[in-house]
Structures are given as C-alpha cells and as structure tokens.
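So you can see what is in the structure, the chains are spelled out below.
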Amino acid sequence: MSAESIPLSATEKSRISASVDYDQAGKQFGYLSIPHSRDDSAWGCLRMPIVVIKSGEGPTVMFAGGNHGDEYEGPIAVMNLARNLDPKTLQGRVILIPALNFPAVCSGTRTSPIDGGNMNRSFPGASRGSITNMIAHYVYSQILPLCDVVVDIHSGGKTLNFVPAAIMHELEDQSRMEATLDALLAFGAPVGLVLRELDADGMMDTAVESMGKIFISTELGGGGSVTAETLRVADIGVRNVLRHFGLLDEPVVRREDYDLEPTRLMHTPDADCFIISDDEGIYEVVADLGTEVEMGQVIGRVHNHQDPSREPVEYRSHRSGLLLCRHYPGHIKRGDCAAVIAEDYHRS
Ligand code: CA
C-alpha cells in the first residue's frame, strides 16, 4: 500500500491501549482499554475483550464477532476458539475479538447505544471520534496491519435471516480472488457467496481488501438468535480457516465428511437480486428461506393492516435462484429488504 493511499486518520495515535502483547508467544486473554468518561464513571473506561494466541512461525489470522451487536454466531464461535485452541498445536498467530462493537454487544443491538455507531460503516475510523470510531481506528491502524487473513463473522441480526453463507466480494486482483475463493470453500458453509454490496463505504471489508489482504465475511443465520446448525457451521468454519492457511496441521473438515452437500458457490451479480419493500404492513412469507424460486414467482405479500379491504401487495423474484435471505420479523416498512435471491456462480 503506498503512503498516499493511507488515510490520514491511520497515522493518528490511538487513544485505546491494549493489555496484550501481539508479539508474545502463548495465549493471552486481555482487553482493549477505551477511555469513556461519563456521568456514572468520571475517569472510566470500557474494557473490550481481546485474545492473542501465538506459537511458532506462520500467518496471522484475525477473527471478529459482534461487529453488529445482535448477531450471535460470531461471538460464540470466537469465544469457543479462544478457550479451546491449544497454542501447542498452532503455527502462527490468532487475534480474536469476540465483540467488535463491544457496547452494541453489551446491549444486544445492531449499533452502539453510546453513539449510535454502526461499526461496519465506521472504517477507517478516527482516533478522536466517537467510541465506535475510536474502536474502528484502533483495529484499522494497529491490528489489520499485523494480519494476513481477516474473518468477520456476521449473521442477519434481528431484521434478516440467511441460509448460512461464507461471503467474499468480487476482486479485481485475480490471484487474490482465487485465493479468497479457496478460503471461502474451505470455511465449509452451505453457501459460498460472491456478494455485491448495496453500500460498501466504511466497511471493515473494504478496509482490509484495500490493504491487499485476504478477507472473508459470513452471514450465518439471524432473526436475533442462533440455531445448533448455524453454530456448528461457525465452529467448524473458523477452525477450517486455520487448517486451510496451515496454522493447524490437520486436514480441512469437508462437508462431504458429514454426508452434506458440498458448499454451493453463488453470487448476487446486481441490485435486482435484492427485493426491497415499497410498502409498510405485515409481511407474508410465500417462499421460505432456502427454497428455489423462479423468475416472476411471488415470494411474499405485504398486507395493509390498516385496511383489510385492500388486496395485499405481491413481491416477485426478479430472477431464478435460491432464496438466500428473508426479512425478519413479521412487520415490514417501506425501504426494508424483503428478500435476497442468489444465483449459482461458476468459477472461471
Ligand atoms: Ca451484520
């Protein structure tokens, strides 16, 4: 990365300090100390958990959960890995942040209750900004430069639900595109999705990709909770990333080993894949999550609960494919994402 492409904010000194030493061998459970002077704690700070596990020589992989505070597979899988990963079996360094937007995870909300900050719209952050911006700035300037691979574990939160998917973006650099596709398949989710973002500005994804590093995200479920199935995908997926990049000397656990269908590579090539509601009302699901739909098929209806005499408004799929994501819960507003339809992706 050239000097002129580094945002000014990255060179500012962080106000956050770490209790862990990123170069120390072994396993360290520590915290990032985030200054937070407030009415109930004049000289107070937030202590945001971070775990560093290092042994031998190898790549550095960061796993983050809780980028959004109402998505739970990430925090659980990252904490499981933090407790269970034995440094004696590791070749490399693993940096674990189970609750990236720590205040949001504490309150079970997508965004921070302190400043309203959406962590995944806050990169590269600002050292003298809000709490959310300070965390983004610390991660951007102090942690991402250490990493070879970054895995950011999302789910749909309270307002979306997904067929469990590992996700990457279409990349211009072909060798990095191929390497990321390999890592995506190694993760071992039911779907491997090459995603077109509706709005990629400020995302950690964009920050990591602009540094030329391997980045994988996920959408592992949602609806504001977890299932045994989505947690199994998360727990196997994070270890598979370590196996794939050689930090663990053991073979990737393949879906076929469990008699499951191999990962289905899919993509969302344009905005037509996203079905956005123009109406407010009660959302009737016509095509369930994970079903195959045809172009033009009715996938949902919005009922006007103010006026039972009105026919519900029908929403149709603009293409044939898999109903990858649906709106949650039952009430929908104008502008909400009602569903996402993904198509099969053919690797060149
Ligand atoms: Ca999310």
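Anyway, here's the lowdown on the structure attached to this text. (Residues numbered from 1 in each chain as written. Predicted model: local features only at pLDDT ≥ 70, side-chain atom pairs only at ≥ 80, totals over all residues. Heavy atoms only, no water.)

Check the secondary structure of the chain and you find six helices and 19 strands. Taking 348 residues into account, the globule formula puts the C-alpha radius of gyration at 20 Å, and the chain, at 21 Å, falls close to it. By its C-alpha atoms, the chain is 65 × 55 × 40 Å across when sized along the principal axes. Relative to its full complement of 348 residues, the chain shows a buried share of 53%. (Helix = DSSP H or I, 4+ residues; strand = E, 2+ residues; numbered from the N terminus. Rg over C-alpha atoms; globule rule 2.2 N^0.38 Å. Buried < 20%, exposed > 50% of the residue type's maximum accessible area, 1.4 Å probe, protein only.)

The strand order across the open sheet formed by four strands is 16-15-13-18, and the pairing between neighbours is antiparallel. The open sheet has two edge strands with one neighbour each: strand 16 (313-316) and strand 18 (331-332). Pairing between strand 13 (residues 281-285) and strand 18: two bridges, direction antiparallel. Note that in strand 18 the partner of Gly-281 across the bridge is Ile-332. (Pairing = 2+ DSSP bridges.)

The subject of this paragraph is the pairing of strand 3 (residues 45-55). Burial within strand 3 is extensive, with eight of its 11 residues counted as buried. In this structure, strand 2 (residues 26-35) lies alongside strand 3, joined through 10 bridges in antiparallel fashion. If you follow Gly-30 over to strand 3, its bridge partner there is Ile-50. The sheet contact formed by strand 3 and strand 5 (residues 92-97) spans five bridges and is antiparallel. Pairing of Lys-54 across the sheet is with Arg-93, part of strand 5.

A word on helix 1 (residues 73-84). Between its first and last C-alpha, helix 1 extends 16 Å over 12 residues, near the 16 Å set by a 1.5 Å rise per residue. What helix 1 keeps buried is the set Glu-73, Gly-74, Pro-75, Ala-77, Val-78, Asn-80, Leu-81 and Ala-82. Those residues of helix 1 hidden inside the fold are in contact with strand 2, strand 3, strand 4 (60-64), strand 5, strand 6 (149-154) and helix 6 (228-244). (Expected span 1.5 Å × (residues − 1). Contact = heavy atoms within 4.5 Å.)

Function cannot be inferred from these measures alone, as they are strictly geometric.
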